[in-house]
Structure formats: C-alpha cells, structure tokens
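The primary structure of each chain is shown beneath.
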Amino acid sequence: MTECLAIFNEQYNKIGTALRDEVHEKGFWHEVFHCWVIEKVEDEWMIYLQLRSQCKKDYPGQYDITAAGHLLATETVLDGVRELNEELGLNVTGDELNSLGVISYQIDDKQIKDYEFANVFVYEIKNGFERFQIQREELDGIYRMKLHQFYELASGEKEQAPVTGYYYQADVKVNDRQELGLDQMQTLPQMYSMPFIEKLQVWMKSKA
C-alpha cells in the first residue's frame, strides 16, 4: 500500500500531501509518532529499544525507538498509538501515553532524506519482556538499557552501554546481552536524542 503523508514547511505549517517515497526522496517535512517504553525494575529505570528487522529497507538491524511510525495525511497524532499494538502487541490507548511534545530533526545521508516532526510519547510498562509480542516483519528483537546509561551513550559521554533482551534467529528466540554503540543507533542522531533526553528528564522530575 502506498502511504500518503501530510507535508509541512519548517514552521510546521501544512503545505500539502505527498507519497511516502517522494517525501524521503525530496526531503519534505512530515509527521511521525514516537513512543518510548520505560520500566522501573528494582528501583532502576530502564528504556526499551527495538531491533529493526534485517528485511527493512531503511536502517536494517539498527536499534531504534521502542515503537514508531509515520502518520498518514488522514490521521491525528494519537492514531499513532496503533504502532504499539502492531509492533509490540500492546493494547494501549492514547490516554495511557505521556506526551513530551514535538521534536523536529533531520537525517540527510546517502540512504534517505528524513525530515521529521516527531510527536514523542512515553509509556510506562510493567513486566515488559513478558508482555511484548513483537511483529516479526518489522522487528528482529527487543532490548532494554538502564536509562542513565542511555543518557550517557546518546550524549557521547560513553562509547558503549550494555543492553539485554532477545532476538529471533529464524523462529528460535535467543536471549542476548551485548554492548551497544552509537554506530548501531543511526536512526537517533543527537539532533533528536538530546532534546528527547531533556524532555524525558523534565517529565520524570515532574512525576517524582
């Protein structure tokens, strides 16, 4: 199915619509939905990362936002909650999400011209690994990292940070632990990750 997306100018004013491939070829600004899943485990906050499928056209095998997707021209921001169900098997409503606002950022390289207005949300989960039923067409696995180590990695303070989780090899689920570096998180440039960290820290202080 060909997706039709709303396109915007740099001031986030809608200027028309375009097909998804054209949006990425020409670098049109467009809207996406991002939801980060976090969990408190034994007094330690954790953040979940999806492992993108090796079959994905863009950034195969990279570690990414827990659940994310494009918003179609006919959709509202909260319609994006479907990504949690489709990618992670979580039956979640928009009322259960916590908004961090909008982050505008761009990735412009040989692979793609991705100019996004990201509507960013947080969802707090319990027993995350037990609840996830990942969509194998989109994800190869799911991992989590200590939140403070995610901050250190994303900000460049540390070159690597440990993650634990699982991936699928054919139909076999493999438990895994490894060291993750920024070269494995190319979908999350500092232009996005630093504002995200700041917004997340403000939100967490407000609920403390």
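Please refer to the structure placed before this passage.
> What is the right way to look at the overall build of the protein chain in this model?
Helices and strands together make up the secondary structure of the protein chain, namely 5 helices and 11 strands. In terms of overall dimensions, the protein chain is globule-like: its C-alpha atoms have a radius of gyration of 17 Å, near the 17 Å expected for 208 residues. In terms of principal-axis extent, the alpha carbons of the protein chain reach across some 50 × 45 × 35 Å. Each of the 208 residues in the protein chain was classed as buried or not, and the buried ones make up 48%. Within the protein chain, counting contacts between residues at least 6 apart in sequence, those at least 24 apart form 61% of the total. A total accessible area of about 10,600 Å² is found for the protein chain, and carbon and sulfur atoms account for 44% of it.

> Mind showing me how you'd approach the pattern of salt bridges here?
Where charged atoms from two side chains of opposite charge approach closely, those side chains can pair. Taken as a whole and assessed by the stated rule, the structure comprises 11 salt bridges. With a closest N to O distance of 2.9 Å, Asp64 and Arg52 form a salt bridge. One end of the pair, Asp64, is in strand S5 (residues 63-64); the other, Arg52, is in strand S4 (residues 44-52), with 12 residues separating them in the sequence. Neither residue differs from the other here; Asp64 and Arg52 are each classed as buried.

> Help me understand the side chain of His24 in this model?
The residue His24 is located in helix H1 (residues 20-26) in this model. In this structure, His24 is in contact with His30, His70, Ile112, Lys113 and Asp114, ignoring residues within four places of it in sequence.

> Would you mind showing me how to read the pairing of strand S8 (residues 113-124) here?
The buried fraction of S8 is high, at 10 of 12 residues. As paired strands, strand S3 (residues 29-41) and S8 are joined by 10 bridges and run parallel to one another. Across the sheet, residue His30 finds its bridge partner in S8, namely Glu116. Bridging between strand S7 (residues 98-108) and S8 involves 10 bridges; their strand directions are antiparallel. Residue pairing across strands places Asn98 opposite Val122, the latter belonging to S8. What sits between S7 and S8 in their antiparallel hairpin is a turn of 4 residues.

> Explanation requested: helix H4 (residues 147-155) in the structure shown.
What sets the pattern is the α-helix's 3.6 residues per turn: residues three or four places apart point alike. Considered for burial, the residues of H4 that qualify are Leu147, Gln149, Phe150, Tyr151, Leu153 and Ala154. Those residues of H4 hidden inside the fold are in contact with S3, S4, strand S9 (139-146), strand S10 (160-169), strand S11 (172-181) and helix H5 (190-207).

> Whenever I open this one, the packing of aromatic side chains confuses me. Can you help?
The description of two aromatic rings rests on the distance between their centres and on the angle between their planes. Across all of its chains, the model carries 16 aromatic pairs by this definition. Ring centres 5.3 Å apart and planes at 70° place the aromatic pair Trp29 and Tyr115 in the edge-to-face group. Of the two residues, Trp29 sits in strand S3 while Tyr115 sits in strand S8, which places them 86 residues apart along the sequence. Of the residues examined, Trp29 reaches a relative accessible area of 10% and is grouped as buried.

> Would you mind showing me how to read unusual backbone geometry here?
Trans is the common state for peptide bonds, and a negative phi is the common state for residues other than glycine. Here Tyr12, not a glycine, exhibits a phi torsion of approximately 70°, which is positive. Residue placement: Tyr12 occurs in the loop between strand S1 (4-8) and strand S2 (14-19). A relative accessible area of 26% means that Tyr12 is categorised as partly exposed.

> Can you help me understand the nonpolar core in this one?
Across soluble globular proteins, nonpolar side chains show a tendency to be buried alongside one another. In terms of nonpolar packing, the biggest core is built from 37 residues, with Trp36, Met145, Phe150, Tyr192, Phe196 and Leu200 touching the most fellow members. Those elements giving two or more residues to this core turn out to be S3, S4, S7, S8, S9, H4, S10 and H5. At 6 residues, the largest contribution of residues to this core is made by H5. With residues up to four places along the chain from it excluded, the contact list for Phe150 reads Trp36, Ile47, Leu49, Met145, Met185, Phe196 and Ile197. Grouped together as the second largest cluster of nonpolar side chains are 20 residues, Val92, Phe121, Ile125 and Ile142 included.

> Sorry, what's going on with the side chain of Arg144 here?
Within the secondary structure, Arg144 sits in strand S9. Classification of Arg144 by relative accessible area gives buried; the value is 17%. A polar contact of 3.1 Å, which involves the side chain of Arg144, links it to the side chain of Tyr48.

So, how was this worked out
- Residues numbered from 1 in each chain as written.
- Predicted model: local features only at pLDDT ≥ 70, side-chain atom pairs only at ≥ 80, totals over all residues.
- Heavy atoms only, no water.
- Helix = DSSP H or I, 4+ residues; strand = E, 2+ residues; numbered from the N terminus.
- Rg over C-alpha atoms; globule rule 2.2 N^0.38 Å.
- Buried < 20%, exposed > 50% of the residue type's maximum accessible area, 1.4 Å probe, protein only.
- Contact = heavy atoms within 4.5 Å.
- Areas by Shrake-Rupley, 256 points an atom, 1.4 Å probe, with all protein chains shown as cover.
- Salt bridge = Lys/Arg side-chain N within 4 Å of Asp/Glu carboxyl O.
- Pairing = 2+ DSSP bridges.
- Phe/Tyr/Trp six-rings, centres within 6.5 Å; stacked < 30°, edge-to-face > 60°.
- Core = buried A, V, L, I, M, F, W, Y, C linked by side-chain atoms within 4.5 Å.
- Polar contact = N/O pair within 3.5 Å; in protein donor to acceptor, adjacent residues only side chain to side chain.

This is a description of form; function is not addressed.
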